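# Observations on chain architecture
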Amino acid sequence: MAEKTKRILVTGALGQIGSELVHRLREMYGGDGVVASDMRDRAPAAMTDSGPFEHLDVLDAEGLAALCRQYEIGQVYHLAAILSGVGELKPDLAYNVNMTGLKNVLDVAKEMKMSRVMVPSSIAVFGPSTPRDNTPQETLLRPISMYGVTKVGGELLCDYYWQKYGLDVRGVRYPGLISHTTLPGGGTTDYAVAIYYDAILKGSFECFVSEDTVLPMMYMPDALRALIELAQAPSQNLRYRNAYNLTALSFSAGELASCIQERIPDFKIIYKPDYHQEIADSWPRSIDDSAAAADWNWAPEYDLGKMTDDMLAELRKRLKDEVVSG
Ligand code: NAD
Ligand code: AKB
């Protein structure tokens, strides 16, 4: 079968990224060309009506291999993971899903000689000993969260499969992602999404990090474009196979609240830092993504104001029946 006719598998497709990425990939490659999968079964009609959706636990190596053979999979976008907040509460689960799940995907891709595996990493690979401002591409990776430990291990695995077996693995170190379609799945940066929902639905927000906590972030349209542009980049241009630093904007929780208050003057916020604060304090405030810019022309489009205008407009449309009037 010609490479072009092989299908793409998306794992963890019901999550924050997958629920949007699947539709973007189906626009590009056709509905049948993209097999969405997740260990959860309740996929929305928009996903099951537009192409195949399959139950898949990435810890089930045999089930994964059978699915890949059944659909003649040629590329994987591996999104199944446990994020930082849940990972601190369930470290064994995070270790298993993020390490063994990734290895299962890399193994089947190697066996089937797949043409590409896309694996998002995270700013969680960095830790307190990493320079926190304009964090370089190559620097100390000593995270303090289990999620971060698995992301460093995952990056090393990706490097290994590229160097040892020539498997074309590509990755990005995403910052916190902000989106209006699907709620995030239990990360430290989730407050930067929840704040928009609560601003519209309640007019107030309780924030689990402090007002002066600054983290790098990105709006979902930029995040999807980044992954797709990296997938399409000529292989010989790519200096890094573990993952590319990536960013779009950096702001404090207080600056985000002020940006929303400029648009919703009565919006109120209180700060009640919890266990997420320690993780946030160990992550960079800003990221140097010049390697991604140089190797595959990465450039973000959304700044804080443009993202906030879009988030509020899209959420108002979607949540209009839930908004308490008056
Ligand atoms: P998410 O938590 O929203 O979604 C993950 C999905 O994986 C969920 O639908 C879940 O049901 C599924 N899943 C969990 N365990 C599974 C298993 N054993 N088998 C199959 N599916 C399983 O995560 P996301 O935000 O979409 O993240 C996708 C990837 O991007 C992850 O690797 C994550 O580390 C990375 N990333 C995300 C962000 C972000 O802000 N969203 C930032 C940096 C990196
Ligand atoms: C999280 O907060 O865990 C994620 C991430 C930055 O990896 N959003």
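Residues numbered from 1 in each chain as written. Chains lettered and ligands numbered in written order. Predicted model: local features only at pLDDT ≥ 70, side-chain atom pairs only at ≥ 80, totals over all residues. Heavy atoms only, no water.

What follows is about the overall build of the protein chain. In terms of regular secondary structure, the protein chain is built from twelve helices and 14 strands. The C-alpha atoms of the protein chain give a radius of gyration of 19 Å, which matches the 20 Å a tight globule of 326 residues would have. Counting only C-alpha atoms and orienting by the principal axes, one finds that the protein chain spans roughly 60 × 45 × 40 Å. For the protein chain, long-range pairs separated by at least 24 residues make up 79% of all intrachain contacts whose partners lie at least 6 apart in sequence. (Helix = DSSP H or I, 4+ residues; strand = E, 2+ residues; numbered from the N terminus. Rg over C-alpha atoms; globule rule 2.2 N^0.38 Å. Contact = heavy atoms within 4.5 Å.)

With that settled, consider the sheet that holds strand β8 (residues 172-174). Within the open sheet, the three strands sit side by side as β6-β8-β12. Their pairing is parallel. In the strand order of this sheet, the two ends are held by β6 (121-122) and β12 (244-245), each with one partner. As defined by bridge partners, β6 adjoins β8 across two bridges and the pair is classed as parallel. Within β8, the residue paired with Ser-121 across the bridge is Arg-173. In the packing of helix α8 (residues 220-232) onto the sheet, contacts are made with β8 and β12, and the angle to β8 comes to roughly 175°. (Pairing = 2+ DSSP bridges. Axes fitted to C-alpha atoms, helices over the stretch in contact; angles between N-to-C directions.)

All right, on to the packing of helix α7 (residues 191-201) against helix α9 (residues 253-263) then. The geometry of α7 relative to α9 is characterised by a closest axis approach of 11 Å and an angle of 25° between their N-to-C directions. Comparing the axis directions of α7 and α9 gives the class roughly parallel. Crossing angle aside, the handedness with which α7 passes α9 is right-handed. Seen from α7, the contacting residues are Tyr-191, Ala-192, Ile-195, Tyr-196 and Ala-199; seen from α9, they are Ala-253, Leu-256, Ala-257 and Ile-260. (Parallel < 35°, antiparallel > 145°, perpendicular 65-115°, else oblique. Left-handed = near helix turned anticlockwise from the far one by under 90°.)

Looking now at the site of ligand 2. All residues in the neighbourhood of ligand 2 are listed as Leu-83, Ser-84, Ser-122, Ile-123, Tyr-147, Gly-187, Thr-188, Thr-189 and Trp-283. At 2.5 Å, a side-chain N or O of Ser-84 approaches an oxygen atom of ligand 2. Within the contact set of ligand 2, a nitrogen atom lies 2.8 Å away from a side-chain nitrogen or oxygen of Thr-189. For ligand 2, the protein covers 93% of the area, taking 260 Å² as the surface of the free molecule. Using a 2 Å cut-off from the grid points, one finds that ligand 2 occupies the largest pocket. (Near = heavy atom within 4 Å. Polar contact = N/O pair within 3.5 Å; in protein donor to acceptor, adjacent residues only side chain to side chain. Areas by Shrake-Rupley, 256 points an atom, 1.4 Å probe, with all protein chains shown as cover. 1 Å grid on protein atoms, 1.4 Å probe; cavity = no way out; pocket = protein on both sides within 12 Å on 5 of 7 lines; lining within 4 Å. Sits in = over half its atoms within 2 Å of the grid points.)

Looking now at the site of ligand 1. Around ligand 1 there are 26 residues in total, and Gln-16, Asp-38, Arg-40, Tyr-147 and Lys-151 lie nearest to it. Backbone polar atom of Gly-15 to an oxygen atom of ligand 1: 3.2 Å apart, as the coordinates give it. One nitrogen or oxygen atom from the main chain of Ile-17 is found 3.0 Å from an oxygen atom belonging to ligand 1. When isolated, ligand 1 has an accessible area of 840 Å², and the protein chains bury 94% of it. Placement of ligand 1 is best described as lying within the largest pocket. For the shell around ligand 1, the secondary structure elements donating two or more residues are β6, α6 (146-165) and β9 (176-178). In terms of residue class, the shell around ligand 1 is built from 15 nonpolar, seven polar and four charged. (Nonpolar A, V, L, I, M, F, W, Y, C, P; charged D, E, K, R; others polar.)

Turning next to the sheet that holds strand β7 (residues 169-170). Ordered by their spatial adjacency, six strands build an open sheet running β3-β2-β1-β4-β5-β7, and the pairing between neighbours is parallel. The open sheet has two edge strands, β3 (53-55) and β7, and neither has a second partner. As paired strands, strand β5 (residues 116-118) and β7 are joined by two bridges and run parallel to one another. By the bridge assignment for β7, Val-117 is matched with Val-169. Against the sheet, helix α1 (residues 18-29) makes contact with β1 (7-11), β2 (34-38) and β4 (73-78), and its axis sits at roughly 165° relative to β2, the strand it touches most.

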